[in-house]
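# Commentary on secondary and tertiary structure
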Amino acid sequence: METKWLEDFISLVETNNFSRSAALRHVTQPAFSRRIQSLENWLGTDLIDRTSYPTRLTPAGVVFYEQALEMLSKINGARELLRSKRAAAQTSIDLAVPHTLSLTFVPKWLTGLEQDFAPIRSRLMALNVHDAVLQLVEGGCDLLLCYHHPRQPVQLDPGRYDMLVMGRESLRAYARCDKNKVPEFTLPGTKRAPLPFLSYTNNAYLGRMVELILNDARTPLHLEPHYETDMAEGLKMMALEGRGVAFLPESAVTRELKQKQLARADGDTSDWEIEMEIRLYRERASAHRRGKPIVDRLWEFLEMQQNGGRKKRSIPSSER
């Protein structure tokens, strides 16, 4: 596989037009189409639905789009990291973040820091929760931002790592709205007519959160799995296609709720939802790892904000 194939595919998703993307990529349309087909051949599946107009992704294409963004980001990040000077690296903050938070929380958070703290040069690594935690433990990042729940905790030694609670997130069921702006599917379903279920893979953190919801439900849910992926964004796209019910973080569907594209599928009850914390971690400076001055200054700023009451307070180690 060639990197330019990924760039071609991402361009096509963003323009929804073969000829426009070919022009942006400075190739002829036939050559551009052949490169997209080469990528599909390498993957062994169709990414583009060629039976519709305008251009649409297949379900596989929806999933691969996020993967392509991640792969290209890692490739470019590795190149920039190797090319950069050590002095420049000391002024940059490396963030390890789960996919969903990288799309929902991080952009607004960084924008706020630019306004209230200082301009920040950052490098973001969008990973699953397990790999994001490993990045921090192995010294591959400066800060870890992730979800946390007491029954699925992030196991980091409070004697070695500092932590701040940056916010909270609710995980609920959503479905596409019909022409009357009501959800096409509503929990709990029945044994005779189970609801089509868009689920997370077993290794996804949000998948474990959904398991807690299902296990704790006072009213049993009747769901029939139809599709699964490890990314909330992939489930959201399938829900928007009317393919079933998906449990999604509230921040991931803010726009779709306002536009009446999606609606809560739980009858606006709290029986089938769960709340998670959004936590920020850093490793404390030591003789082995001294840390970066820019990270120390940012952490002091965030602690001051929280202790001053303008934002959420820091959680003492006894409560972690």
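Everything below is about the structure shown above.
To keep things clear, this report deals only with the structure shown in the data block. Throughout this document, residue positions are counted from 1 along each chain, in the order its sequence is written. Only residues with pLDDT of at least 70 are given local features in this predicted model, and only at 80 or more are side-chain atom pairs given and counted; all residues enter the totals for whole chains, interfaces and linings. The side-chain quantities take in all heavy atoms of the structure and omit both hydrogens and water.

Attention shifts here to the layout of surface pockets. Lining residues are defined by having an atom within 4 Å of a point belonging to a cavity or pocket. Those points lie on a 1 Å grid over the protein atoms alone, cavities being sets where a 1.4 Å probe fits but cannot get out and pockets being open sets with protein on both sides within 12 Å along at least five of seven lines. Grid points are joined across faces, edges and corners, and a volume is the space filled by probe spheres set on the points. In this structure, the largest pocket occupies an estimated 1,000 Å³ of space. Lining the largest pocket are 35 residues; nearest its centre among them are Glu233, Lys236, Met237, Arg255 and Glu256. Elements are defined by DSSP. Helices are runs of H or I of four residues or more, strands are runs of E of two residues or more, and each kind is numbered from the N terminus. Listing elements by their share of the lining of the largest pocket, those giving two or more residues are β2 (56–57), α4 (59–83), α6 (99–104), β6 (161–176), α10 (232–240) and α11 (254–258). Looking at the lining of the largest pocket element by element, the count peaks at six residues for α10. The classification used treats Ala, Val, Leu, Ile, Met, Phe, Trp, Tyr, Cys and Pro as nonpolar, Asp, Glu, Lys and Arg as charged, and all other residues, Gly among them, as polar. Across the lining of the largest pocket, the residue classes tally to 13 nonpolar, eight polar and 14 charged.

Moving on: empty space enclosed by the protein. Tallying each qualifying case throughout the model produces one cavity of 30 Å³ or more. Roughly 180 Å³ of volume is contained in the largest cavity. Considering the residues around the largest cavity, the lining is formed by 15 residues, among which Pro98, Asn128, Val129, Tyr205 and Asp230 are closest to the centre. Looking at the lining of the largest cavity, the elements that each hand over two or more residues are α6 and α9 (205–216). Its residues assigned to classes, the lining of the largest cavity comprises 10 nonpolar, four polar and one charged.

For Pro249, the location among the structural elements is in strand β9 (residues 245–249). Measuring from C-alpha to C-alpha, the distance between Pro249 and Glu169 comes to 6.5 Å, with 80 residues separating the pair along the chain. It only takes one pair of heavy atoms within 4.5 Å for two residues to be counted as in contact. Apart from the residues within four sequence positions on either side, Pro249 is in contact with Thr100, Tyr147, Glu169, Ser170, Leu171, Tyr200, Leu206 and Ala232.

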